[in-house]
Amino acid sequence: MPDFVKILVDLLSSNSLVTAFLVVGIISLFANFVSAKITRGRIHASAIAIFVGLILAYIGGSITGGTKGFSDIGMFAGIAILGGSSLRDYAIIATANGAKFSEIKKCGFVGIFSLFVGVIASFVAGGVVAYIMGYRDAVSVATIAAGTVTFVVGPVTGTAIGATSEVITISIAAGVIKSVAVMMLTPFFAKRIGLKTPQSAMIFGGLMGTTSGTSAGLAATDPKLVPYGAMTATFYTGLGCLLCPSVLYAITKLILG
């Protein structure tokens, strides 16, 4: 190994957290470029970045035979800290910061009801798919089902109820697939479902959740609707983080034993 390469590797390894920020920054720039130039905004940059992250996690785990994905490679160990539960939960709180319950009340009972319907319907659908895939224990089924709610709720639930890293990864992938589907299909079905007013956008956000998917889908439909859909989608994530590891997991455990 040339001396300058060894020096660079040692430098990156000794400053692994800074390296982690650098890697995430590069991935974010790449994802934004692909989203804007190649997909023309049809697929949100966050979904592309998560796909890249999952691929890198697989590569890292395959190379080292480890269990922490890309962070098992020495100089990228800081990613384990950057992507750890503490900073993840902080990001969730930051997402919900500024959202006011008084605003969602403007949509009335239907808007609030849509949140519960959206979370429960996604959880049930995800749970059925997980069961068909061969998962029979309540922890795995609930984690994958929670991932179907959103790719944020999945790992939160999995961490809370003790799911394996493999199952948590599947839950994230399920959430990403849902997010991309919402992004791409919203513009095509908007007129058919009457998605053209702020109130309908709020209900849509409550049913679909997945803030990135809802925002990108509404942006492609009518940019003026984005704030309304994103607002209820934010509450959707918070509600999912409350219900999935507790009430919905308890019901899943009761059903599966």
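Residues numbered from 1 in each chain as written. Predicted model: local features only at pLDDT ≥ 70, side-chain atom pairs only at ≥ 80, totals over all residues. Heavy atoms only, no water.

Enquirer: What am I meant to see in the overall build of the protein chain here?
Expert: From N to C terminus, the protein chain includes 13 helices and zero strands. Listed by position from the N terminus, the elements making up the protein chain come as α-α-α-α-α-α-α-α-α-α-α-α-α. Expressed as a percentage of the 257 residues in the protein chain, the buried residues total 42%. (Helix = DSSP H or I, 4+ residues; strand = E, 2+ residues; numbered from the N terminus. Buried < 20%, exposed > 50% of the residue type's maximum accessible area, 1.4 Å probe, protein only.)

Enquirer: I keep staring at the packing of aromatic side chains and nothing clicks. Help me out?
Expert: Two aromatic rings, taken as a pair, are described by how far apart their centres are and by the angle between their planes. Counted according to the given criterion, the structure contains zero aromatic pairs. Of note, arginine 136 hangs over the ring of tyrosine 131, and the distance from its end group to the ring centre comes to 3.8 Å. (Phe/Tyr/Trp six-rings, centres within 6.5 Å; stacked < 30°, edge-to-face > 60°. Lys NZ or Arg CZ within 6 Å of the ring centre and 35° of its normal.)

Enquirer: How should the nonpolar core be read in this particular structure?
Expert: Proteins that are soluble and globular tend to have nonpolar side chains buried together. Ranked by internal contacts, the top residues of the largest apolar core, which has 29 residues, are Val119, Phe123, Val149, Val153, Cys244, Leu248 and Tyr249. Elements with a contribution of two residues or more to this core: α7 (108–132), α8 (138–149), α9 (153–161), α10 (165–189) and α13 (226–256). Ranked by residues supplied to this core, first place goes to α13 with nine residues. Dropping the residues within four chain positions of it, phenylalanine 123 is found in contact with Ala142, Ala145, Ala146, Val149, Cys244, Leu248, Tyr249 and Thr252. (Core = buried A, V, L, I, M, F, W, Y, C linked by side-chain atoms within 4.5 Å. Contact = heavy atoms within 4.5 Å.)

Enquirer: Explain the layout of surface pockets here, please?
Expert: In this approach, a probe sized like a water molecule rolls over the atoms, and the result shows the empty space that is left. In this structure, the second largest pocket occupies an estimated 240 Å³ of space. Lining the second largest pocket are Ile120, Phe123, Val124, Gly127, Val128, Tyr131, Val141, Leu248, Ile251, Thr252, Ile255 and Leu256. Only α7 and α13 provide two or more residues apiece to the lining of the second largest pocket. Counted by class, the lining of the second largest pocket contains ten nonpolar, two polar and no charged residues. (1 Å grid on protein atoms, 1.4 Å probe; cavity = no way out; pocket = protein on both sides within 12 Å on 5 of 7 lines; lining within 4 Å. Points joined across faces, edges and corners; volume = space filled by probe spheres on them. Nonpolar A, V, L, I, M, F, W, Y, C, P; charged D, E, K, R; others polar.)

Enquirer: Can you help me understand the environment of glycine 147 in this one?
Expert: For glycine 147, the position within the fold is in helix α8. Using a relative accessible area of 0% as the deciding quantity, one classes glycine 147 as buried. Distance from glycine 147 to glycine 126, taken between C-alpha atoms, is 7.6 Å for residues 21 residues apart in sequence. Those residues in contact with glycine 147, other than ones at most four positions away along the chain, are Gly154, Ser171, Ala174 and Gly175.

Enquirer: I would appreciate a short explanation of the packing of α7 against α8 in the present structure.
Expert: Packed helices, taken two at a time, are described by the angle their axes make and the gap between the axes. The geometry of α7 relative to α8 is characterised by a closest axis approach of 7 Å and an angle of 130° between their N-to-C directions. Looking at the two axes, α7 sits oblique to α8. Pair α7 / α8 crosses with right-handed handedness. Mapping the contact onto sequence places Val119, Ser122, Phe123, Gly126, Gly127 and Ala130 in α7 and Val141, Ala142, Ile144, Ala145, Ala146, Thr148 and Val149 in α8. For the contact of α7 with α8, the class distribution of residues is nine nonpolar, four polar and no charged. (Axes fitted to C-alpha atoms, helices over the stretch in contact; angles between N-to-C directions. Parallel < 35°, antiparallel > 145°, perpendicular 65-115°, else oblique. Left-handed = near helix turned anticlockwise from the far one by under 90°.)

Enquirer: Whenever I open this one, a nonpolar patch on the surface confuses me. Can you help?
Expert: On the surface, Phe109, Val110, Phe113, Val117 and Leu207 cluster together into a nonpolar patch covering about 470 Å² of accessible area. The leading source of residues in the nonpolar patch is α7, at four residues. On the secondary structure map, phenylalanine 113 appears in helix α7. For phenylalanine 113, a relative accessible area of 46% translates into the label partly exposed. (Patch = residues over 30% accessible without salt bridge, like charges linked within 9 Å, V, L, I, M, F, W, Y side chains within 5 Å. Areas by Shrake-Rupley, 256 points an atom, 1.4 Å probe, with all protein chains shown as cover. Salt bridge = Lys/Arg side-chain N within 4 Å of Asp/Glu carboxyl O.)

Enquirer: Please clarify how α8 should be interpreted in this entry.
Expert: Side chains that are three or four residues apart share a direction in an α-helix, a result of its 3.6 residues per turn. Taking 1.5 Å of rise per residue, the twelve residues of α8 would be expected to cover 16 Å, and the 16 Å separating its terminal C-alpha atoms lies within 8% of that figure. Most of α8 is tucked away: twelve of the twelve residues are buried. All of the buried residues in α8 are Ala138, Val139, Ser140, Val141, Ala142, Thr143, Ile144, Ala145, Ala146, Gly147, Thr148 and Val149. Tucked into the core, α8 has its buried residues touching α7, α9, α10, α11 (198–208) and α13. (Expected span 1.5 Å × (residues − 1).)

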